[in-house]
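Listed here are the chains, written in short residue letters.
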Amino acid sequence: MAYDDLRGFIRALETQGELKRIPFEVDPHLEITEFADRSVKTGGPALLFEKPKGSAVPVLINAFASEHRMQIALEVGSVEEIATRIADLLAMQKPEGFLGKLKMLPMLADLASIFPKTVSGGPCKEVILKDKFSLRDFPVLHCWPEDGGPFITLPMVFSRNPDTGKQNCGCYRMQVYDERTTGMHWQTHKQGAEHYRRQQSTGGARRMDIAVAIGSDPATMYSAILPLPPDLYEMMIAGFLRGKSVEMVKCETSDIEVPANSEIVLEGYVELGELRREGPFGDHTGFYSLEDDYPVFHITCITHRKNPIYATTIVGPPPMEDFYMGKAIERIFLPLMRLQMPEVRDIAMPAEGIFHNLILVAIRKSYPGHARKVMHAIWGLGQAMFSKCIVVVDEDVDVQNFSEVAWKALNNIDPERDIQFVMGPVDSLDHASRLPNYGSKMGIDATKKWPGEGFTRPWPGVIRMSDTVRQRVDELWKRAGI
Ligand SMILES: Cc1cc2nc3c(=O)[nH]c(=O)nc-3n(C[C@H](O)[C@H](O)[C@H](O)COP(=O)(O)O)c2cc1C
Ligand SMILES: [Mn+2]
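A few points on the structure. (Residues numbered from 1 in each chain as written. Chains lettered and ligands numbered in written order. Predicted model: local features only at pLDDT ≥ 70, side-chain atom pairs only at ≥ 80, totals over all residues. Heavy atoms only, no water.)

### Things to note about the coordination of the manganese ion (ligand 2)
Ideal geometry at a metal centre: 109.5 degrees between donors when four sit tetrahedrally, and 90 or 180 degrees when six sit octahedrally. The criterion, for reference: Coordination shells were defined by N, O and S atoms within 2.8 Å of each metal, extended to 3.2 Å for Na, K and Ca; water is absent from the atom set, which can make sites look incomplete. Helix and strand labels come from DSSP, where a helix needs a run of H or I of at least four residues and a strand needs a run of E of at least two; each type is numbered from the N terminus. The classification of residues rests on relative accessible area computed with a 1.4 Å probe and restricted to protein chains. Under 20% of the type maximum is buried, over 50% is exposed, and intermediate values are partly exposed.
Taken together, Asn168 (OD1) and Glu234 (OE) make up the full set of protein donors to the manganese ion (ligand 2), lying 2.1 Å away. With Asn168 in strand β8 (residues 167-170) and Glu234 in helix α8 (residues 234-242), this residue pair connects regions lying 66 residues apart in the sequence. Classification of Asn168 as buried rests on a relative accessible area of 5%. Given the relative accessible area of 4%, Glu234 is considered buried.

Now the structure itself:
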């Protein structure tokens with residue numbers, strides 16, 4: 001049964017012993033970060049701060065911050081179940097006979113739930129504030145000591161593509177400047193930034209309507225971070241993930257629609273051409289992102305539920321909550337990646353690589369230069385273009401076992417021959433690239449080299465004891481009492 005809202009998710013976390021309420025006062029200025037960081041690093045629970053200092057609104061953090069909590073969020077025993085549902089959909093064929101049709105029913109139900117439904121009202125409208133409102137009433141975290149201010153870290157930012165009229169939803173942090181103004185940190189490659197550029201180029205309205213929803217059912221919140229193709233609407237994927245259409249409601253002051261079950265909605269606009277210093281911000285690289293200029297979000301209205309809950313997260317030295325959200329992306333998107341690249345057997349993004357810095361790929365190698373083809377395909381694939389370092393190994397290597405990858409890859413390379421450098425777009429958070437958003441990337445071909453690639457020496461096998469000796473020593477081992 002799909003969660004109705006954030007509260008349903010909180011109840012599920014609590015029932016399963018995955019949430020701890022903190023009934024005493026804790027400061028959103030740094031202290032909540034220290035709690036959340038310690039909890040995620042020690043395998044602790046999600047935290048609900050009932051008395052954040054200076055606000056009457058409770059704070060939920062780390063709700064997605066473990067493999068198990070991701071399963072609770074997406075209502076699965078393993079996120080692989082979602083990958084299988086997607087793979088089944090992609091492999092869909094005309095059904096044969098009655099049984100075939102029967103088997104297709106769940107898939108058709110999946111398809112029916114993807115379209116969002118527009119409704120006329122909803123819980124997010126329980127309180128409507130058009131005059132007297134202030135962001136200071138909400139417990140927005142000042143996350144790390146050198147941050148430029150408090151940041152809203154888990155928003156669903158809705159904007160509209162001026163060309164197609166379609167909405168997009170992305171999670172972009174927002175620095176709180178004052179009671180009614182924030183930054184809008186959509187990086188240049190993201191859809192919010194693209195909508196902004198398109199609106200600028202049309203020379204039309206100088207204001208771009210934006211609505212920000214904070215706290216919803218978990219699949220809807222999660223969809224905001226997914227690296228989807230442009231114009232594939234996050235709310236459709238949310239509907240697919242939760243198995244129920246997302247109900248959307250129109251804003252009070254614009255035509256933007258937001259999830260009706262949201263805890264808090266900030267309505268407003270971004271003025272084209274207006275930029276303001278944003279940052280620094282303790283980021284998910286584990287370093288501070290430096291200051292830069294970003295658009296400004298002006299809030300014209302706040303609506304919220306009665307007794308709203310403020311959902312947030314912190315990023316910082318890995319692993320943090322976003323690592324677990326990203327790990328689920330890795331599993332869920334594998335079948336989609338394999339649609340374009342069936343030779344890919346598995347991929348892994350170790351926590352230390354912060355998603356964009358390192359991706360390990362196992363392939364079934366079929367022709368000379370195959371590993372390099374896969375690297376270039378990844379560099380050409382949506383947000384995977386940011387992959388700073390790609391290591392390609394043969395399919396016998398378990399890429400989830402980082403020690404095995406390091407061992408075999410390091411043995412298999414002749415560095416000058418096997419490393420491929422390319423120039424191109426890099427993640428905005430890369431602080432080492434020669435220019436912001438532009439720099440080099442590296443692919444390592446750690447597959448076995450073939451004669452067709454100019455390698456004519458024999459290639460050795462991996463050492464393995466014979467099964468007969470292993471079985472015999474199993475017996476002798478017991479006798480030896482070691
Ligand atoms: C906790 C968290 C914070 C994020 N903050 C930002 C951000 O400030 N700016 C940004 O461009 N992307 C940020 N992202 C990544 C985007 O949400 C992600 O790239 C998403 O796919 C963008 O959606 P879009 O393709 O619709 O623009 C963040 C992700 C997470 C999990
Ligand atoms: Mn998008």
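### Quick word on the site of ligand 1
To keep things clear, this is the line we draw: Any residue with a non-hydrogen atom lying within 4 Å of a molecule or strand is treated as near it. Counting of polar contacts relies on pairs of N or O atoms within 3.5 Å, with two restrictions inside protein: one atom must be capable of donating a hydrogen and the other of accepting it, and residues adjacent in sequence are counted only when both atoms are side-chain atoms. Per-residue and other accessible areas follow the Shrake-Rupley method at a 1.4 Å probe size, with only the shown protein chains counted as cover for residues. Side-chain classes follow a simple rule in which Ala, Val, Leu, Ile, Met, Phe, Trp, Tyr, Cys and Pro form the nonpolar group, Asp, Glu, Lys and Arg form the charged group, and the remainder, Gly included, forms the polar group.
If you check the shell around ligand 1, you find 19 residues, and the closest are Cys171, Tyr172, His185, Gln191 and Gln383. One of the backbone nitrogen or oxygen atoms of Arg173 is found 2.9 Å away from an oxygen atom of ligand 1. In isolation ligand 1 offers 630 Å² of accessible surface; the protein chains occlude 88% of this area. When residues in the shell around ligand 1 are grouped by element, the largest group, 3 residues, is from β8. In terms of residue class, the shell around ligand 1 is built from 8 nonpolar, 8 polar and 3 charged.

### Digging into the layout of surface pockets
Over the atoms rolls a probe the size of a water molecule, and in doing so it shows where empty space is left. This is how it is decided: The way it works is a 1 Å grid over only the protein atoms, where trapped points that fit a 1.4 Å probe form a cavity and open points with protein on both sides within 12 Å along at least five of seven lines form a pocket, and then any residue with an atom within 4 Å of a point lines it. Grid points are joined across faces, edges and corners, and a volume is the space filled by probe spheres set on the points.
Counted as a void, the second largest pocket has a volume near 620 Å³. What lines the second largest pocket is a set of 29 residues, and nearest its centre among them are Asp292, Tyr294, Ser428, Pro436 and Asn437. Going through the elements one at a time, α6 (191-202), β14 (264-278), β16 (288-289) and β17 (292-304) are the ones with two or more residues in the lining of the second largest pocket.

### Some words on the packing of helix α3 (residues 67-74) against helix α9 (residues 321-340)
To keep things clear, this is the line we draw: Working convention: axes come from line fits to C-alpha atoms, limited for helices to the stretch in contact. Angles between N-to-C directions cover 0 to 180 degrees. Each crossing gets its handedness from the near helix: less than a right angle anticlockwise from the far helix is left-handed, clockwise is right-handed. Whether two residues are in contact is decided by their heavy atoms: any pair within 4.5 Å suffices.
Relative orientation of the contacting elements α3 and α9 amounts to 65°, with a least axis distance of 9 Å. Read as a crossing pair, α3 and α9 show a hand that is right-handed. Taken together, the residues of α9 that come into contact with α3 (itself represented by Glu67, Met70 and Leu74) are Tyr324, Met325, Ala328 and Ile332.

### Focus: the sheet that holds strand β1 (residues 19-26)
Working definition: the strands of a sheet are paired by backbone hydrogen bonds and lie parallel or antiparallel to each other. Counted only if it meets this: A pair of strands counts as paired when DSSP detects no fewer than two bridges linking them.
Pairing within the open sheet is mixed, and its 4 strands lie in the order β1-β2-β3-β18. Both outer strands of the open sheet, β1 and β18 (310-311), are each paired with one neighbouring strand and no more. In this structure, β1 lies alongside strand β2 (residues 46-52), joined through 6 bridges in parallel fashion. Note that in β2 the partner of Arg21 across the bridge is Leu48.

### Observations regarding unusual backbone geometry
Keep in mind that most residues, glycine aside, have a negative phi and that most peptide bonds are trans. A cis amide bond links Gly279 with the next residue in sequence, Pro280, at an omega value of -5°. Locating Pro280 in the fold gives a position in the loop between β14 and β15 (281-282). Positive phi, normally seen in glycine, also occurs at Leu30, with a value near 70°. For Asn307, which is not glycine, the phi dihedral falls at a positive 45°. As for its position among the elements, Asn307 is in the loop between β17 and β18. Relative accessible area serves as the criterion here: at 66%, Asn307 is assigned to the exposed category.

### Notes on the pairing of strand β12 (residues 247-250)
With 3 bridges connecting them, strand β4 (residues 117-119) and β12 associate as parallel partners. When the bridges of β12 are listed, Thr118 appears paired with Met248. Bridging between β12 and strand β13 (residues 257-259) involves 3 bridges; their strand directions are antiparallel. What sits directly across from Val249, in β13, is Val258. The turn linking β12 back onto β13 is made up of 6 residues.

### Focus: the pairing of strand β23 (residues 438-445)
Sheet analysis places strand β21 (residues 389-394) next to β23, joined by 4 bridges and oriented parallel. Bridge pairing in β23 places Val392 opposite Asp445. Sheet topology note: the strand β22 (residues 419-425)/β23 ladder contains 7 bridges and is antiparallel. Looking at β23, one finds that Pro425 is bridged to Tyr438.

### Observations concerning empty space enclosed by the protein
Under the criterion given, the structure shown has 3 cavities of 30 Å³ or more. Of the voids in this model, the largest cavity is the one considered here, and its volume is about 70 Å³. Lining the largest cavity are His284, Pro318, Pro319, Met320, Asp322, Phe323, Met349, Pro350, Ala351, Ile354 and Phe355. Per-class residue counts for the lining of the largest cavity are 9 nonpolar, 1 polar and 1 charged. Size it by volume and the second largest cavity reaches roughly 40 Å³. Residue composition of the lining of the second largest cavity, by class: 7 nonpolar, no polar and no charged.

### Considerations on the packing of aromatic side chains
Rules: Pairing of aromatic side chains here covers Phe, Tyr and the six-membered ring of Trp, requires ring centres within 6.5 Å, and sorts the geometry by plane angle: under 30 degrees stacked, over 60 edge-to-face, intermediate tilted.
This structure, assessed with the given rule, holds 9 aromatic pairs. Between Phe35 and Phe49, the ring centres sit 5.4 Å apart and the planes meet at 85°, which makes this aromatic pair edge-to-face. Placement of Phe35 in helix α2 (residues 31-41) and of Phe49 in strand β2 is noted, with a sequence separation of 14 residues between them. Judged by relative accessible area, Phe49 falls into the buried class, the value being 0%. Relative to Phe281, the ring of Phe151 has its centre 4.5 Å away and its plane inclined at 45°; by these criteria the two rings are tilted. Pair noted here: Phe151 is in strand β6 (residues 151-152) and Phe281 is in strand β15, with a separation of 130 residues, a long-range link. Exposure class is identical for Phe151 and Phe281. Each is buried.

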